[in-house]
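# Examination of the molecular architecture
Residue-level listing of the chains:
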Amino acid sequence: MEIVLVGLNHRTAPVEVRERVSFTAEQTRRAAEELRARGILEETLVLSTCNRSEVYGVPPESSHECAPGLSTFLSEFHSVRPDILNVSLYHHYDQEAVRHLFQVAAGLDSMLLGEAEILGQVREAYRFAHEQGATGPVLNRLFQGALEVGKRVRTETELGTRPMSVASAGVKLAERIFGKLNRRRALVLGAGTISEQVVSHLRDRGIAQLQVMNRSRDRAEELANQFGGKVVGWGEWDAALQSPDVVVSSVSAEEPVLGRDIVGRAMAARGNRALFLMDLGVPRNIDPRVGELYNVYVYNTDDLSEIVQQNRNAREDEIPRAQGIVDEHVTKFLSWQASVELVGLVDALRAKMREERASFIRARLEPMKHLTETDRAHVEKLMDEMLEKLLLEPAERLRGEKELRRKIQNVEALRDLFLSNREKP
Amino acid sequence: MNHLFPIFAATAYLLSFGLYVRFLGTGNRFTGRLGTLFLGLGLIGHYFALLDRSRGLHTVPYHDLYGSMSLFGWLLALTYLGLELYHRERSVAAFVLPFILVFFLAAHLAPADRLPPPPVHGMIFAFHVTLSILAYAAFALAFVLSLIFLGEERLLRSHKIGDVVWRLPPLELLDQMSRSSVLVGLISIAMGTALGFVSVDRLPGQNSFYDAKYVITLVVLALYVLYFRLARTTAWRGGRASKLCVFNFVIVVLSFTVVNLYLSHSHRYF
């Protein structure tokens, strides 16, 4: 019941290799089928995201022996030369494979530390493999454990709570002022990439109304249509600033486009209702003196970048706690694995002893002609009882062993001492 | 007197405080829920402690200063819990619990005053006192919420976000919570004051309606009505309304201290 993992990720492979080794849903299904049909793996699960492609499996034989076959399979499946692929691939076995998956689910192995999407991707990969019948008891248990780790890390630590990009930090700050944004209105000045990113975050938060103002009306209309907003004519400040709660500005301008007088006038017209201004332009688009007005909050790129840096540090501080959760679940999984192996081992030992007993009785009782059938049955029964007793005590002791490492060592020692390779479960 | 309930309540409040502080630090929802659970248990223990104290002294809880303080603490906890459940926001609890604890412990660690019974008693008088103390508890809660608002707003405006701002409720919600709390206080003080006048009216003999306490209570009522109206306008909503709320509570404290101790002839501790 060993586990093998072969894969590559953003740390080991450049994007050119990663994109060649990624799996579509159809490829995932086909790879799982082929791996089992060829007898490389008994249970299979493919996890493929933009930053990683990993194959988890339970091999019929030793995991170390199956890994080269798995690498060759990946190379053939994606038509990537082995010399290109092999330098990017990593192989993990058993405990290390379990730990790796749990770290992935926790977001500890992600490009953006603690990102939330990976847990959904692990869940989806597991659901897909499970529906295809590609997983079995070991991978089911392993991935259920991984999902639990991911959930715990997200609820018990702050690894994924704080925004890590300037755009998301700005939107989160707006939420610190207004709470939920689903009844709020936003005005976006500029229609470039940065504006698009912020608008995307605002839309994710369910912003009620979106207005776009840009020097080029065509581009403004494009962005407005993309996110379901409406266009406001450039420079119509009094009308444009009357309703929004959040203003995002990212335009190319030598001088600030929003001066103190414009915002001051707008604030008077809107009865000093709170206004959050996100200035993402360089040079700045909003006069810093605007921040002196009552109920006006102005954040520029540097302010937001500093917050992002603070958040990055805070996330890194959470790594030991998240790692603690991973370790706890690795131990839990290995303990379960050892217990399952113990049951299999005891069954195999029992079968072997019964076989030995049968041949032993045949050889020894043959010359004893004076014994009746009842006597022979009695002797067999006594021997069975003795064998059960012999098996029961060490099995109970092993089951009750608290120290996991000792438990696994003892299970392995028992298996190596008493069973041949053919007989091993 | 039985010490079981005060010990139980103090333990529950302390645990609740610890859990709420941990919730503020970690954001762990389970810890927050446990904090609420222990606050609820503390409230139950506190209720029985008050009941036991009243039975022991054969009088109402607000008979002496310490009983009044304990009742104030209990009503503060009750108002806060109501607000937490209504607004589904528990990150301010860590700032409110110390007040509840101080009032509870100060009241229950001190010996009971042996004072003569007040000249007025009966159901209407009991409601008058209880509702007045509830109003002061609600105003105290609004005061704490306004202080948090002003602190958070200051941090946001100065761009010093740190760890704290991510944990506190949004400014808009703090504003709403403060208004809800003042609304509870306004209704209670209006009813309490009206019942107070009814009690005085029923007293035999000549009674003055011009006690300093009456005047300041009406001033407090007027100030909070003003706050409630202004806090709903866009021009005042936020920082200005919070400052007014803090100012109003200073008048409430003045009513409790200077007016009660030196100017009023007909009020003790409420």
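Not measured: the values here are computed from a predicted model. (Residues numbered from 1 in each chain as written. Chains lettered and ligands numbered in written order. Predicted model: local features only at pLDDT ≥ 70, side-chain atom pairs only at ≥ 80, totals over all residues.)

### What to know about the overall build of chain A
This is how the line gets drawn: Strands are runs of DSSP state E lasting at least two residues, helices are runs of H or I lasting at least four, and both sets are numbered from the N terminus onward. Here the radius of gyration uses the C-alpha set of atoms, whereas the globule reference equals 2.2 Å times the residue count to the power 0.38. Exposure criterion: with C-beta atoms placed from backbone coordinates, a residue whose C-beta has 20 or more other C-beta atoms within 10 Å is buried, one with 12 or fewer is exposed, and one in between is partly exposed. Residues are scored as being in contact if the C-beta atoms we place from backbone atoms lie within 7 Å.
Within chain A one finds 16 helices and ten strands. In terms of overall size, chain A is more extended than a compact globule, its C-alpha atoms giving a radius of gyration of 32 Å where 425 residues would be expected to give roughly 22 Å. In terms of its C-alpha atoms, chain A occupies a principal-axis envelope of roughly 120 × 45 × 30 Å. Per-residue burial for chain A yields a buried fraction of 38% across its 425 residues. In chain A, the proportion of contacts linking residues at least 24 apart, taken out of those at least 6 apart, comes to 72%.

### What to know about the sheet that holds strand β6 (residues 209-213) of chain A
Residues and elements named next belong to chain A. Here is the rule we go by: Only strands that DSSP links by at least two bridges are regarded as paired with each other. Lines fitted to C-alpha atoms define the axes here, with helix axes fitted over just the stretch in contact, and angles between the N-to-C directions of these axes take values from 0 to 180 degrees.
Taken in spatial order, the six strands make up an open sheet running β7-β6-β5-β8-β9-β10, and their pairing is parallel. For this open sheet the edge positions go to β7 (230-232) and β10 (296-300), each flanked by a neighbour on one side alone. Direction aside, the axes of adjacent strands within the sheet are offset by 20° on average.

### Focus: unusual backbone geometry
A:P283 follows A:V282 through a cis peptide bond whose omega is 0°. Among the structural elements, A:P283 can be located in the loop between β9 (275-279) and β10. The residue A:D94 is not glycine, and still its phi comes out positive at about 45°. Relative to the assigned elements, A:D94 resides in helix α5 (residues 94-106). With phi around 65°, B:H159 is a residue other than glycine that occupies positive phi space. For B:H159, the location among the structural elements is in the loop between α5 (123-157) and α6 (164-167).

### Concerning the pairing of β9(A)
Put simply, side chains in a regular strand alternate between the two faces of the sheet. All names here are of chain A. In terms of residue burial, β9 counts as a mostly covered element, since five of its five residues are buried. Burial of the side chains of β9 extends over both faces: L275, L277 and D279 are buried on one face and F276 and M278 on the other. Note: strand β8 (residues 246-249) against β9, four bridges, orientation parallel. If you follow V248 over to β9, its bridge partner there is M278. In the sheet, β9 pairs with β10 via five bridges, with the strands oriented parallel. Note that in β10 the partner of F276 across the bridge is Y297.

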